[in-house]
4 protein chains.
Amino acid sequence: MSSTASITGPAPTKPRDPLLAAVREGVRVLDLGRRLYIGMPQSPNHPAYWHTLPRRHGDRVREDGGSAANDMLVMGTHVGTHIDALAHVSHQGKLFGGADARTAGEGGVYPDHGVHTIAPMMCRGILLDVPAALGAEVCEPGYEITVADLEATERLQKTPVEPGDVVLVRSGWGRQFDAPGRDAFIGHDSGVPGVGESGARWLAGRRAHAVGADSIAFERLAPGAGHSSLPAHRVLLVEAGIYIIETLDLEEIAAEGIHEFTFVLSPLPLFGATGSPVRPLAVISEPVTGGGRG
Amino acid sequence: MSSTASITGPAPTKPRDPLLAAVREGVRVLDLGRRLYIGMPQSPNHPAYWHTLPRRHGDRVREDGGSAANDMLVMGTHVGTHIDALAHVSHQGKLFGGADARTAGEGGVYPDHGVHTIAPMMCRGILLDVPAALGAEVCEPGYEITVADLEATERLQKTPVEPGDVVLVRSGWGRQFDAPGRDAFIGHDSGVPGVGESGARWLAGRRAHAVGADSIAFERLAPGAGHSSLPAHRVLLVEAGIYIIETLDLEEIAAEGIHEFTFVLSPLPLFGATGSPVRPLAVISEPVTGGGRG
Amino acid sequence: MSSTASITGPAPTKPRDPLLAAVREGVRVLDLGRRLYIGMPQSPNHPAYWHTLPRRHGDRVREDGGSAANDMLVMGTHVGTHIDALAHVSHQGKLFGGADARTAGEGGVYPDHGVHTIAPMMCRGILLDVPAALGAEVCEPGYEITVADLEATERLQKTPVEPGDVVLVRSGWGRQFDAPGRDAFIGHDSGVPGVGESGARWLAGRRAHAVGADSIAFERLAPGAGHSSLPAHRVLLVEAGIYIIETLDLEEIAAEGIHEFTFVLSPLPLFGATGSPVRPLAVISEPVTGGGRG
Amino acid sequence: MSSTASITGPAPTKPRDPLLAAVREGVRVLDLGRRLYIGMPQSPNHPAYWHTLPRRHGDRVREDGGSAANDMLVMGTHVGTHIDALAHVSHQGKLFGGADARTAGEGGVYPDHGVHTIAPMMCRGILLDVPAALGAEVCEPGYEITVADLEATERLQKTPVEPGDVVLVRSGWGRQFDAPGRDAFIGHDSGVPGVGESGARWLAGRRAHAVGADSIAFERLAPGAGHSSLPAHRVLLVEAGIYIIETLDLEEIAAEGIHEFTFVLSPLPLFGATGSPVRPLAVISEPVTGGGRG
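Described in the following lines is the structure provided in the data block. Since the model is a prediction, treat every value here as computed from it, not as a measurement.

### Side note on the relation of the copies chain D and chain C
Inference 1: Under the fitted operation, chain D is carried onto chain C by 0.0 Å of movement along the axis and a turn of 180°, and the coordinates agree to an RMSD of 0.0 Å. Accordingly, the operation relating the two chain copies is best matched by a two-fold axis. Among all C-alpha atoms of chain D, that of Val74(D) lies closest to the rotation axis, at 2.3 Å.
Inference 2: Comparing contact sets, 99% of the residues at the interface of chain D also lie at the interface in chain C, consistent with an isologous, same-surface contact.

### Some thoughts on the relation of the copies chain B and chain A
Inference 1: Superposing chain B onto chain A takes a rotation of 180° plus a shift of 0.0 Å along the axis, which leaves an RMSD of 0.0 Å.
Inference 2: When you check the interface residues of chain B against chain A, 100% turn up at the interface there too, and the contact is symmetric in its surfaces.

### Description of the interface of chain B and chain A
Inference 1: Opposite the 103 residues of chain B that make contact, chain A presents 103 residues.
Inference 2: Taken together, the links from chain B to chain A amount to two salt bridges.
Inference 3: Tallied by class, residues from the side of chain B that touches chain A come to 48 nonpolar, 36 polar and 19 charged.
Inference 4: Note: strand S7 (residues 89-91) of chain A against strand S3 (residues 66-68) of chain B, three bridges, orientation antiparallel. Directly across from Ser90(A), in S3(B), lies its bridge partner Ser67(B).

### Thoughts on the pattern of salt bridges
Inference 1: A complete count under the given rule lists 88 salt bridges over all chains for this structure.
Inference 2: Residue Arg28(D) pairs with Glu286(D) through a salt bridge whose shortest N-O separation is 3.6 Å. Within this pair, whereas Arg28(D) is found in strand S1 (residues 27-31), its partner Glu286(D) is found in the segment after strand S15 (281-285), the two being separated by 258 residues in sequence.
Inference 3: For Glu286(D), a relative accessible area of 36% corresponds to the partly exposed category.
Inference 4: Arg175(D) serves as the salt-bridge partner of Glu251(D), at 2.7 Å between the closest nitrogen and oxygen. With Glu251(D) in helix H8 (residues 251-255) and Arg175(D) in the loop between strand S9 (166-170) and helix H5 (183-186), this residue pair connects regions lying 76 residues apart in the sequence.
Inference 5: A relative accessible area of 17% means that Glu251(D) is categorised as buried.
Inference 6: Through salt bridges with shared partners, one network takes in Arg24(A), Arg124(B), Glu162(B), Asp165(B) and Glu260(B).

### So, the pairing of strand S16 (residues 281-285) of chain C
Residues and elements named next belong to chain C.
Inference 1: The buried fraction of S16 is high, at five of five residues.
Inference 2: The alternating pattern of S16 places Leu281, Val283 and Ser285 and Ala282 and Ile284 on opposite faces, both of which are buried.
Inference 3: Relative to S16, strand S2 (residues 27-31) runs antiparallel, the two being bridged by five bridges. Across the sheet, the residue bridging to Arg28 is Ile284, located in S16.
Inference 4: Both strand S14 (residues 260-265) and S16 contribute to a ladder of three bridges, which runs antiparallel. Across the sheet, Val264 pairs through a bridge with Leu281, a residue of S16.

### Some points on the sheet that holds strand S1 (residues 27-31) of chain B
Residue and element names in this part refer to chain B.
Inference 1: Here we have nine strands laid out as an open sheet, ordered S1-S15-S13-S7-S9-S11-S12-S5-S14, and mixed in their pairing. What marks the edges here is a single partner per strand, and that holds for S1 and strand S14 (275-277). Geometrically, the sheet is characterised by an average inter-axis angle of 30° between neighbouring strands, direction not taken into account.
Inference 2: Of the strand pairs in this sheet, strand S9 (residues 166-170) and strand S11 (residues 210-213) are connected by four bridges, and their pairing is parallel. Among the inter-strand pairings, Val169 is bridged to a residue of S11, identified as Ala213.
Inference 3: Packed on one face of the sheet, helix H4 (residues 147-157) meets strand S7 (121-129) and S9 and runs near 105° to S7.

About the cut-offs
- Residues numbered from 1 in each chain as written.
- Chains lettered and ligands numbered in written order.
- Predicted model: local features only at pLDDT ≥ 70, side-chain atom pairs only at ≥ 80, totals over all residues.
- Heavy atoms only, no water.
- Least-squares fit on C-alpha atoms with pLDDT ≥ 70 in both.
- Contact = heavy atoms within 4.5 Å.
- Salt bridge = Lys/Arg side-chain N within 4 Å of Asp/Glu carboxyl O.
- Nonpolar A, V, L, I, M, F, W, Y, C, P; charged D, E, K, R; others polar.
- Pairing = 2+ DSSP bridges.
- Helix = DSSP H or I, 4+ residues; strand = E, 2+ residues; numbered from the N terminus.
- Buried < 20%, exposed > 50% of the residue type's maximum accessible area, 1.4 Å probe, protein only.
- Axes fitted to C-alpha atoms, helices over the stretch in contact; angles between N-to-C directions.

In C-alpha cells form, the structure reads like this:
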C-alpha cells in the first residue's frame, strides 16, 4: 500500500551470513499488496471478501481483566493481490504437464497443482514500467502491450530479464483500484490494458519464474469482453508453468523508478487451492540513517 | 513445511544492490508455515478452516477449450501459522497504547490496531531452541520455559537477542501438529509448554520486534486450563506492543541447527482484523552449487 | 416459486382432528419464497449468498458403492425471501420494548430479540393486492402506497384485516426479481414502491402479527435514496413489534386472485440472529380431484 | 424447541375455506426443529455452523437515529434439523431415478435432484414412538429398530401409516442433543439407535413421502462405525426417492402422546444444494380458550 520503513536497526556485530549482513546494513521494503476490505474491487467470478468480528472486546472479559477479539473471513482466493497456482487454468482438459484436469481435482482439492506447491520466492524482480517507457502516464483501457513495448521497456530501463526472475508488468491500470465504484478497476466495459498472447509467449521465452501485473486479470481484456478469452493465462499457466500474480500495487515502486529489486512472496500453503491472496514485497538496500524500527 | 530450494540461478551480472547481490549468490529459504487443510489442529475458539472449490475444471469450458477452477475459503484469522495484531487482546478495557478497546472496534473493524498496520518484516531472526539447550528432545507438556532457560539457550547458541529481532522460541511442541487427532496439538488436557509471564517480560525487555513459537497459544498452558489465563499475551500485545506468531513449524530449522537468519514475514493486510494467517520464512545464504530453479 | 400440488392423497379414514381433516380433504400450497442462487438480487449491505459443494459424488466412494455430496453455504440472513427479527433495527439506541440496543448484542448475539424468538406462524394471511385495486399492473417505481390505497384494497377485496393476521402488501415490484442484472430489483436509482410511515402506522393500528412485501426493503424507497431512511421499519419493528417479511413472491397468488388464506412460516431458529431466510406458504383448501402426490 | 402457542385469536367471521376455518378455531403448533447455535452437535463431515454480526447496533447510526444490525452465516446444509435432498446420496454412481451422479453435479449444483425440488409439505404426520411402545424411556445406543418394533408401535398407537404420510421414528436419542460435549449426540463410539436396512424397506413399502428421526444420521449406527455404511439412506434416497429429515426434536411431541398430526415443512429453496436446514412443525387442533397471540 505504502512504503514501509525497515524495521531493522543498526547491527552491533556484523553477521557472517552475507544475506543477513546486507539486511542489517539497511533495507527498504516496498509493499506491492493491496489492502483487503469489504467492497474492494474484485472479480465477480469469485466469492467476495467479507470480514466480521465474531467476538469484540468486551463481549467476554475473563476474571483477570483480559479479553480477546477475533475474526471470521470468507473469500475466494483470487481476491485482493493474489497468485494463480497451476491448478487454476486448464486447456482442452489438461493442466500444466498434461495432467487430466478433471481427475486432478477429485476430492475437492488439487494435490499436485495447488497453491501449496508454490515455493516461497526470494529472487530478482524486474518491473517493466511500460507506460513510462512509452512516454505515457498509463496505458489506454484495452490496450494490448506488445512484444516491442516489452523489449523497449527492458532496453530503456537497462534491466534485461533473466531466467528465474519475477517480472512485473505495469500498465498503470492499478490507479483505478481506488476509483469510486468497484466497476472501474474491473473494467468490463472499458477493457483493461495488459499483455496478450504474444507478450505472454515472450515472458515464457525469457523463462520468468512468475509474472505479475497491476490489474485483476493480468492480461489485456478487450472492451466488453470480460474473461471470455484468456490466452495469456493459457500460455503461462498451462503451457509454461509460470505463476501469475494479479492486482499488484505498482504505483509507488514505479514512482520511485525502482526497476530491479529483491522480490519476496510467500503464498499461503492452502492445500489443494487454485490460488492464494498474497502480499508481495520489493526490497532494496538502503543504508539506515536514523535507525529505529518502524 | 519442508526445505525449499532457492529459485535463484547464478547471476550473470553482479547487481550493485547489496541485498540483491547476496540473494543472487544463493539463498536457502526455510518455510516456517504450516500447511492449511480441513481438519487441521486449531483453536476451537476460532472459525474452522474450510476450503471448497465452487468451480472445478470441466464445470464450464469456454469455446476455446479453456476452463478455470476457483476456491472459497472460510476461516478465522488465528488458524494455521498466524500472527496476532495488537487488536487481538485487551486488558482492563484497554488496548496497547491505552486506547479504549470497545470503541476501537466500533464498526466491526480495528482501524488503528488491526493486522493491516503490521509492516512486512525482513530482519534478523533468532531461534531459541530451548529443549536443545536443555539437552532434551522436547519440553514436557505444560512446562514453563523460564528466564534462566532463555538466557542459557541464548548463551549456548551464541545468539544474543538484539533490539528489533524476531525471536522464535522452540519448545518442540510443534511435533504434535501431525499427531493423530487434532486434540494432541491443542493440548487442553495435557497442557502445552511455553514461556510464562516472566519469559514474556524478558522478551519485551530485550525489545524484540515480534516473537513466535511452535504452539497455538505461544505461551505455556497449564494442564486442563486452556486459554483461561494468558499473561504472556497481556505483557507482549497490550503492554509492550510486540506481535506474536503462533503455530510455527520450527522442526526443520532446529534440526539444521540454524539459530540466526533473515526472517521474512508479510501478513495479509486484512483491514481491521485481529490477525492474519501467514507463511513466515527463515532465509540463509547458501551458495548455489547446481543452480536451477525449484 | 411456482404452485405446488398438495402431497396429500385421499384419506381412507376421516381424522377427528379438524385441521388434519381439512388437510386431508385437499389443500393447495402456494410457495411465496424466492429461489436462492448465486448472483440473485439482494441488498449489498449483507453478505452475498454463496453455495458450493465441498464434496461431489465420486469424490469418495465407500466400499459398498455409496457416495455422499454435501454443501457449504455463506450468506447474510437478509437475503432471498427473509424475515426481520426485532433485533434488526433500533431507534435512538433502543430496540422494541425499550431495551438498550448496544448491550442487547454484547457477545455477538441478540438473546432476547433474535430470530429464534419468532414463533412459527400458522394463521390467517391477507394479500392486499394494491395495483389490482388501483387498476394497474404494478405500482410505479418509488410510489408510496397510501393509507387510502390500503383501505380501498381491503374494501374492494372484501378482506378486512383482523388482529393477528399476517398482511402481505403487493406492489408488483416482485416482477423485477427476474429482470436481467440484479440492480433492477434492488432499485436504488429508480426507487421502489411500498408503504411509507403512514402505511406502516395503519398496519400497526390493525394489529397485524407480521407484514410482508414483494421488495427487498418492504417499504417505499425514494429514487436514489437507497436505505438512508426507513421509517416503516422503525414503526413496525421498533415501535410496534411487528415482524417484516421481504422479497416475497406474490405474483402467482395475485394472478390467482387469492386474497385470504392460511399463512405458514417457520423461520430457522438461528440463535441471536437478526433475521432468517424463509420460505413462507399460502395454503387454501382445494378438494383433491386426481389424488396422488406431487 | 418448546411448545408454541397459536398466534391466532378468535375469528369474528367464520371463513368459508375449511382449512382456514380449522386454523381459526385454534391450533397448537409444536416445534420439531433444534435451535442453531455455534458449537451445537453436528456431523464433523459438514462445515460447522457459524454466526457472526458484521454490524451491531451503534456501529453506524443514521442521522435520524436509526441503526441496523445484520448477520453472516456459514454452515453446511446438513446441520441442525435438516432435510436430505435426493442429490445427497448415490449408489454405484447413480442417483434416484438412475441419473449419473457425477454429471448430475457438474457446475457445482444439482439442478434436477437439489433441495429446491422438494415441494413444501403440509400433510399427515405420524410419530412412531418406538421406545414408548417397547416400554422403555429410550432405545439403547446402537440398537437397530426392527420391522417388528415399527409394526408394534403402529398397532399400539393405532396410527397406521398411509401412503403420502411423513413418518417420524423416535428412538429417544434426541435427549443427547443437550448433553455436555457435542460428542454424545454424534455418538461415534457409543453407536446410535435407529432403523436399519429392513426398517427403511418397511417405510418405503408403506410409501411414506418423507421420514425423519431424532438423530443426526436417521439410521442406526453401530458402535465405532460412524457413517461407514448407511444402508437406510441408500434404500430411501436412492431406491425409493423418500426424503430424510434428521436431528428432529421429538421429545415434546412424545411427552404429549401426540402420534398423528398435520406435518408442515418448507425447506429453503437453495438451488442445487443437497439439503437444507429446516424447522418442521407438528400442528394439531386445539380450541382457543384464552385467545391472544403468542
